[in-house]
Structures are given as structure tokens and as C-alpha cells.
Amino acid sequence: MSILNYQLGLSEEDMYTETTISELDVLPIKYLFRTYPEMPPIEQWAMDLARGSVLDVGCGAGSHALYLQEERGLTVTALDNSLPCLETCRLRGVKNVVEADVFQFRDGTYDTILLLMNGAGICGKLKGVGQLLKCLEKMLAPNGQILLDSSDLIYMYDQDMDGGYLIPGDMEYYGEVEFTVHYKGKHDAPFKWVYVDYGSLSRAAQFHGFRCERVVQGDNFDYLARITRLSDVEARADNIKTFYVNPEDEEEDELVVMDDPSGMAERLLGEDGEDEDDEGDDDVGGRSGR
């Protein structure tokens, strides 16, 4: 109700979140109503790469759907299982809203499927990533794409003298947490959530017949991935443009930009591939992802 209360002007009180590996932290309610300039770079990349018909999974307050509909002129379906969120989307002007669980939703196919704000989290557990990909594949149009962001939580664990991470032995996967949301002194029942490191996501995608590309890496272990069918990628391999944010990345993980309609890569890196941000503080390859 916090989102709808804010939309209706009834309350500006913030939400608070906590997980089994993190302390209580504020989630400013206004942040959920952010405009494109207020979005982190990873979300801006997703907004620029979206094309065709779009399914926004877990649309929340509808900021992504509204931008793509109004500023990009795309046909967007905003999907969520929260009626207050969907009512908020309607009041803000989102034309197509659907109440559904994505795992049961079957209504047409889409050129772009968005799962932002750690969209992979809906899997609950790492082993659920494959199930999610199989579900989304049925909704993906030919040459369609899945744009998904997540974070690698390994940085939250202590390291030993040799640089290894100290992860409790009873954890199946270090990115699996229980998430609790607090609002106005009350809290919902905890729910399972997962943050998926890029390597695990990529392996799951390949196993299920997809190609997974890390479009951009944030400064805080977060990233945006673009997932496409292997068969679709092979048919248009000559359209792939690759760049590296930092020279040393060339020997590690490839950062790939597909169909860069806004020229964001050129804006961030310059025509010769060098980072335009001399200070190296807040741009991709110097730009904060959150």
C-alpha cells in the first residue's frame, strides 16, 4: 500500500527493507517514482535497449513502463501480482496493466521482457533460474530479448588470509536470502529472494539454449544482462558490437552492447573507445550502478 498511498498523496513515509545477511535499510518511496535522469545507469541502458512490444515483469510503481510508453513510444504491458502497484500504474497513465504471477502468465509474445531492480530475485533460489528462463522463453518473440539486472553478493562476506570468502556451510548459495519489507511500523511475512552472480546466470542461460551477455557492469557488483536465444543470435552474429570498459577487461569478462540505439556506448566511452570520464567517479567504467 505504500506505493499507492504515495501516489494518492496520503503518505510520504518511506519503506524499510532487511535481509538475512543485511541490516534494516531505508528504501525512499520517492525513488520508486524516479524519472529517466534519476535512474541508475544500468536501468538507463535497459531503457535504451528495449524495443518492440515490452513486458515489464514486476512493474512496481510503473516508472520503467511509463518511460518506455511515453518517451519511447513502445507498447508496454506492466505485470505485477500487487493490485495497489497496478492501480498506481493506472493512475500514472500506464495503459496496459495485468495482475498475474509471471510463472502462470501466458498471453502473447514480446520483443523485450524486462526484469529490473534485481528482477532475477523472483526465482527465490538459484535453482529456480532455469525455471524462470523456460517460462520466459515461451513469451519471447522471435529475435526477442530478456533484459535483467542483478548483483553478486560475494562482497558482503568476509575473506580469509588467502583471499577466499567465508560463506556459512549451511548455505546452498550465498546469494539466497530472506527479504522483509517494513512500512509504518509493520512488516510483511519474509519471502525468499535471490541475487544471482553473472557467472551462474550465464551458465544457466547456456544450459537452456540462450546466449547471455553482460551489457554493462556497475561499480557495486551489479550488472545488466541481455539474454537471447542462441538460434536468434547465430542468425545475426554480424550485428554484434563489442567494447570493453577498461583495457584489462579484455582478458576477463566481455562486456557486450547489442543494438545500441541511443549511442550510449559512444557517449560513455568516446568514439575511440576511451572513457570520457577523466575523474573515473560515476560513469560505467567509472559510473555508479546504484
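Residues numbered from 1 in each chain as written. Predicted model: local features only at pLDDT ≥ 70, side-chain atom pairs only at ≥ 80, totals over all residues. Heavy atoms only, no water.

1. So, the overall build of the chain
Stage number 1. Scanning the chain from terminus to terminus reveals eight helices and 14 strands.
Stage number 2. Relative to its 290 residues, the chain shows a buried fraction of 52%.
Stage number 3. Within the chain, counting contacts between residues at least 6 apart in sequence, those at least 24 apart form 59% of the total.
Stage number 4. Working note: accessible area of the chain is about 14,200 Å², and carbon and sulfur atoms make up 47% of it. (Helix = DSSP H or I, 4+ residues; strand = E, 2+ residues; numbered from the N terminus. Buried < 20%, exposed > 50% of the residue type's maximum accessible area, 1.4 Å probe, protein only. Contact = heavy atoms within 4.5 Å. Areas by Shrake-Rupley, 256 points an atom, 1.4 Å probe, with all protein chains shown as cover.)

2. Quick word on the packing of aromatic side chains
Stage number 1. Evaluation of the coordinates by the stated rule reveals nine aromatic pairs.
Stage number 2. Relative to Tyr174, the ring of Tyr157 lies with its centre 6.1 Å away and its plane at 80°, an arrangement referred to as edge-to-face. In this pair, Tyr157 is assigned in the loop between β7 (140–151) and β8 (176–183) and Tyr174 in the loop between β7 and β8, connecting sequence segments 17 residues apart.
Stage number 3. Tyr174 sits in the buried class, given a relative accessible area of 15%. (Phe/Tyr/Trp six-rings, centres within 6.5 Å; stacked < 30°, edge-to-face > 60°.)

3. Focus on helix α4 (residues 83–92)
Stage number 1. Cys85, Leu86, Thr88 and Cys89 are the residues of α4 that are buried. Taken down its axis, α4 places every buried residue within 155° of arc, on the same side.
Stage number 2. The inward-facing, buried residues of α4 abut α1 (2–7), β4 (76–80) and β5 (96–99). (Arc of directions from axis to C-beta.)

4. Observations regarding the nonpolar core
Stage number 1. Counting 49 residues, the largest nonpolar core has Leu55, Ile113, Leu115, Leu136, Met139, Ile146 and Leu201 as its most contacted members.
Stage number 2. Top element by residues in this core is helix α5 (residues 129–137). It accounts for five residues.
Stage number 3. Excluding residues within four positions of it along the chain, Leu55 makes contact with Thr77, Leu79, Phe105, Tyr110, Thr112, Ile113, Leu114 and Met139.
Stage number 4. In terms of nonpolar packing, the next biggest core, distinct from the first, is built from 27 residues, Val76, Leu86, Cys89 and Val215 among them. (Core = buried A, V, L, I, M, F, W, Y, C linked by side-chain atoms within 4.5 Å.)

5. With respect to the packing of helix α2 (residues 41–49) against helix α3 (residues 63–70)
Stage number 1. In the contact formed by α2 and α3, the axes pass within 10 Å of each other and the chain directions differ by 40°. Relative to α3, the element α2 lies oblique. Every pair of crossing elements has a handedness; the one defined by α2 and α3 is right-handed. Contacts from Glu43, Met47 and Asp48 in α2 reach His64, Tyr67 and Leu68 in α3. (Axes fitted to C-alpha atoms, helices over the stretch in contact; angles between N-to-C directions. Parallel < 35°, antiparallel > 145°, perpendicular 65-115°, else oblique. Left-handed = near helix turned anticlockwise from the far one by under 90°.)

6. Side note on the confidence of the model for the chain
Reading predicted coordinates in detail is not appropriate for stretches of low pLDDT.
Stage number 1. Summarising the model, the chain shows a mean pLDDT of 85, and 80% of its residues fall at 70 or more.
Stage number 2. Confidence drops under a pLDDT of 50 for residues 240–262, and excluding neighbours within four residues, the segment shows 55 contacts in the predicted structure.
Stage number 3. Predicted confidence is poor over residues 264–290, with pLDDT under 50, and the contacts of this stretch with residues over four places away or in other chains come to 72 contacts. (pLDDT = per-residue confidence, 0-100.)

7. Remarks on the pattern of salt bridges
Stage number 1. On inspection of all chains with the given rule, the structure shows eight salt bridges.
Stage number 2. Two residues, Arg229 and Glu137, come together in a salt bridge whose shortest N-O distance is 2.8 Å. Of this pair, Arg229 sits in strand β12 (residues 222–229) while Glu137 sits in helix α5; the two residues are 92 residues apart in sequence, bridging distant segments of the chain.
Stage number 3. Here Arg229 falls in the buried class, since its relative accessible area comes to 14%.
Stage number 4. On the basis of relative accessible area, Glu137 is assigned to the partly exposed category, the value being 30%.
Stage number 5. Arg226 is the salt-bridge partner of Glu213, the closest N and O atoms lying 3.9 Å from each other. In this pair, Glu213 sits in strand β11 (residues 210–217) while Arg226 sits in strand β12, placing the two residues 13 residues apart along the sequence. Like Glu213, the residue Arg226 is buried in the burial classification.
Stage number 6. Here the salt bridges share partners, and the residues they tie into one network are Lys125, Glu172 and Glu176. (Salt bridge = Lys/Arg side-chain N within 4 Å of Asp/Glu carboxyl O.)

8. Concerning the side chain of Asn118
Stage number 1. The residue Asn118 is located in the loop between β6 (110–115) and α5 in this model.
Stage number 2. Engagement of the side chain of Asn118 in a polar contact is seen with the backbone oxygen of Val194, the distance being 3.2 Å. (Polar contact = N/O pair within 3.5 Å; in protein donor to acceptor, adjacent residues only side chain to side chain.)

9. Regarding the environment of Ala120
Stage number 1. Residue position: Ala120 is located in the loop between β6 and α5.
Stage number 2. Ala120 sits in the buried class, given a relative accessible area of 2%.
Stage number 3. Sequence spacing of Ala120 and Ser150 is 30 residues, and the spatial spacing of their C-alpha atoms is 6.5 Å.
Stage number 4. Every residue in contact with Ala120, bar those within four places of it in the chain, is listed here: Leu148, Asp149, Ser150, Val194 and Val196.

10. Description of a nonpolar patch on the surface
Stage number 1. A cluster of nonpolar side chains, contributed by Leu8, Leu10 and Leu91, occupies part of the molecular surface with about 300 Å² of accessible area.
Stage number 2. Structurally, the position occupied by Leu10 is in the loop between α1 and β1 (15–19). (Patch = residues over 30% accessible without salt bridge, like charges linked within 9 Å, V, L, I, M, F, W, Y side chains within 5 Å.)

11. Description of helix α6 (residues 198–207)
Stage number 1. The set of residues buried in α6 consists of Tyr198, Ser200, Leu201, Ser202, Ala204 and Ala205.
Stage number 2. At its buried positions, α6 is contacted by α5, β7, β11 and β12.
Stage number 3. Where α6 starts, the residue carrying a side-chain oxygen 3.2 Å from the main-chain nitrogen of Gly199 turns out to be Asp197.
Stage number 4. Downstream of α6 by one or two residues, Gly209 has phi in the positive range, about 85°.

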